[in-house]
Amino acid sequence: LETIAVALSCSETDAGLIAYAGLLARLSGAREVRFVHVQKPGSPAESSAAALRAQMRSKVAAHFTHTAHTECDVLEGPLTDRLLDYSTELDADIIGLGGRRRALGARLAMLAECSVAVIPDNAPATLTHMLVALDFSPAANHTLEWGTSLIAGESGVVCTALHVMTHESADIFTESDAEMQSGQAEAMRKLLARTDRNGVAVEALLAEVQTSQDVGRRHR
């Protein structure tokens, strides 16, 4: 990563997001982190760009611990459109959002030209276990390579490559459940073998559910 964009809400949850942005900057060696807040048109005078920028700079100074260059920007307009334009203008590698903005994250993930990270509120700025979800598509190799590049050289970080098996996905392998599992295990082995994992040891894991609709039932 060279440039990280972080969308702040100018609320109490910003502190954790800023700290996590510092972790991403350290892991990736990013040179620049740009913090941005998008306010609605016609916001009250107390929400002036100057006041918001000063508030953002104070929080960044308190919670951002990396040496990357930082800037704070305040924009006005439709939230999704302004963030898309902002990340494109910066040629950002990733956009970071707070955990309350999952719907926004989903929209950006479909439209943005860069990666999107949704950071749960109050998530500690630490990384001990990276889970990389793989679907055996052409993008899976890039996903694993990108993920392991972040933790290359980090001692004590475990990396697991996960593929969730459903009966719908069995169609690309075989009719038999036993053969489905062995086929997908072989697909996982081949994927790991042909992917540059940046020297990171990766544990392969296959998880089975009955149907794709079951995914997430235990985690609302």
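Right above here is the structure, for reference.
Report follows, based on the coordinates. One numbering rule holds for all chains: residues counted from 1, following each sequence as written. The predicted origin of the model limits local features to residues at a pLDDT of at least 70 and limits the giving and counting of side-chain atom pairs to 80 or more, whereas totals for whole chains, interfaces and linings rest on all residues. To obtain the side-chain values, all non-hydrogen atoms of the structure were included, while hydrogens and water were left out.

## Quick look at the packing of helix α3 (residues 79-90) against helix α4 (residues 102-111)
For any two helices packed against each other, the geometry comes down to the angle between their axes and how far apart the axes lie.
And then number 1: Here the axes come from fitting lines to C-alpha atoms, over the contacting stretch only for helices, and the angles between their N-to-C directions go from 0 to 180 degrees. In DSSP terms, a helix is any run of H or I states spanning at least four residues, a strand is any run of E spanning at least two, and both are numbered starting from the N terminus. At a closest axis distance of 11 Å, the pairing of α3 and α4 adopts a crossing angle of 45°. When the axes of α3 and α4 are compared, the pair comes out oblique. Once α3 is placed against α4, the crossing between them reads as right-handed. In contact with Leu 79, Thr 80, Leu 83 and Leu 84 of α3, α4 contributes Leu 104, Arg 107, Leu 108 and Leu 111.
And then number 2: In this classification, Asp, Glu, Lys and Arg are treated as charged, Ala, Val, Leu, Ile, Met, Phe, Trp, Tyr, Cys and Pro as nonpolar, and every other residue, Gly included, as polar. Per-class residue counts for the contact of α3 with α4 are six nonpolar, one polar and one charged. For classification, angles of less than 35 degrees are called roughly parallel, those exceeding 145 degrees roughly antiparallel, those between 65 and 115 degrees roughly perpendicular, and all remaining angles oblique. It is the rotation of the near helix from the far one that decides the hand of a crossing: anticlockwise by less than a right angle makes it left-handed, clockwise makes it right-handed. Residue contacts are defined here by distance: any two heavy atoms, one from each residue, within 4.5 Å place the two residues in contact.

## Digging into the environment of Cys 72
And then number 1: On the secondary structure map, Cys 72 appears in strand β3 (residues 69-76).
And then number 2: Buried means the residue's accessible area, taken with a 1.4 Å probe over protein chains only, is under 20% of the maximum for its type, while exposed means over 50%, and partly exposed covers the values in between. Residue class for Cys 72 comes out buried when judged on its relative accessible area of 6%.
And then number 3: Along the backbone, Cys 72 and Arg 57 are 15 residues apart, and their C-alpha atoms lie at a distance of 6.4 Å.
And then number 4: When near neighbours in sequence (up to four residues on either side) are disregarded, Cys 72 contacts Phe 35, Arg 53, Met 56, Arg 57 and Val 60.

## Observations regarding the pattern of salt bridges
Side chains bearing opposite charge may pair, as long as their charged atoms lie close to each other.
And then number 1: Throughout this description, the term salt bridge denotes a Lys or Arg side-chain nitrogen within 4 Å of a carboxyl oxygen of Asp or Glu. Under the counting rule described, the total for this entry stands at eight salt bridges.
And then number 2: Among the ionic pairs, Arg 31 bridges to Glu 2, the shortest N-O distance being 3.3 Å. Of this pair, Arg 31 sits in the loop between α1 (14-28) and β2 (32-39) while Glu 2 sits in the segment before β1 (3-7); the two residues are 29 residues apart in sequence, bridging distant segments of the chain.
And then number 3: Exposure remark for Arg 31: the relative accessible area of 61% places this residue in the exposed category.
And then number 4: A salt bridge links Arg 34 to Asp 73; the nearest nitrogen and oxygen atoms lie 2.9 Å apart.

## A look at unusual backbone geometry
Negative phi characterises most residues that are not glycine, and trans characterises most peptide bonds.
And then number 1: Its identity is not glycine, yet Asp 91 carries a phi of approximately 55°, on the positive side.
And then number 2: Here Asp 91 lies in the loop between α3 and β4 (94-98).
And then number 3: Looking at Asp 91, the relative accessible area reads 61%, which means it is exposed.

## Some remarks on the pairing of strand β5 (residues 115-119)
And then number 1: Pairing between β4 and β5: five bridges, direction parallel. For Gly 96, the partnering residue across the bridge sits in β5 and is Ala 117. At least two bridges found by DSSP between two strands are what make those strands a pair.

## So, the sheet that holds β2
And then number 1: Strand order in this open sheet of five strands is β3-β2-β1-β4-β5, and the pairing throughout is parallel. A single partner strand is all that each edge strand has here, and the edge strands are β3 and β5. If you compare each strand with its neighbour and ignore which way they point, the axes differ by 25° on average.
And then number 2: Contacts from helix α2 (residues 49-63) reach β2 and β3, with the element oriented near 150° to β3.

## Overview of helix α5 (residues 138-151)
And then number 1: Within α5 the residues assigned to the buried category are Ala 140, Asn 141, Leu 144, Gly 147, Thr 148, Leu 150 and Ile 151.
And then number 2: Gly 153 sits one or two positions beyond α5 and adopts a positive phi of about 85°.

## So, the nonpolar core
And then number 1: Nonpolar core, defined: a set of buried Ala, Val, Leu, Ile, Met, Phe, Trp, Tyr and Cys residues in which side-chain atoms within 4.5 Å join the residues together. Ranked by internal contacts, the top residues of the largest apolar core, which has 26 residues, are Ile 4, Val 6, Leu 8, Val 33, Phe 35, Met 56 and Phe 64.
And then number 2: Elements supplying a minimum of two residues to this core: β1, α1, β2, α2, β3 and β5.
And then number 3: In terms of residues, this core owes the most to one element, α1, which gives eight residues.
And then number 4: Residues in contact with Val 6, not counting those within four places in the same chain, are Leu 17, Ala 21, Val 33, Arg 34, Phe 35, Val 36 and Gly 96.
And then number 5: Listed in part, the 17 residues of the second largest apolar core include Val 132, Cys 159, Ala 187 and Met 188.

## Some words on the pairing of β1
And then number 1: With five of its five residues buried, β1 lies for the most part within the structure.
And then number 2: Burial of β1 is two-sided: the residues Thr 3, Ala 5 and Ala 7 facing one way and the residues Ile 4 and Val 6 facing the other way are all buried.
And then number 3: The path from the first strand over the helix to the second decides the hand: if it runs clockwise while the strands point away from the viewer, the crossover is right-handed. In the classification by handedness, the crossover that spans β1, the intervening α1 and the parallel β2 is right-handed.
And then number 4: Here β1 pairs with β4 via three bridges, running parallel. From the neighbouring strand, Ile 4 faces β4, where its bridge partner is Ile 94.

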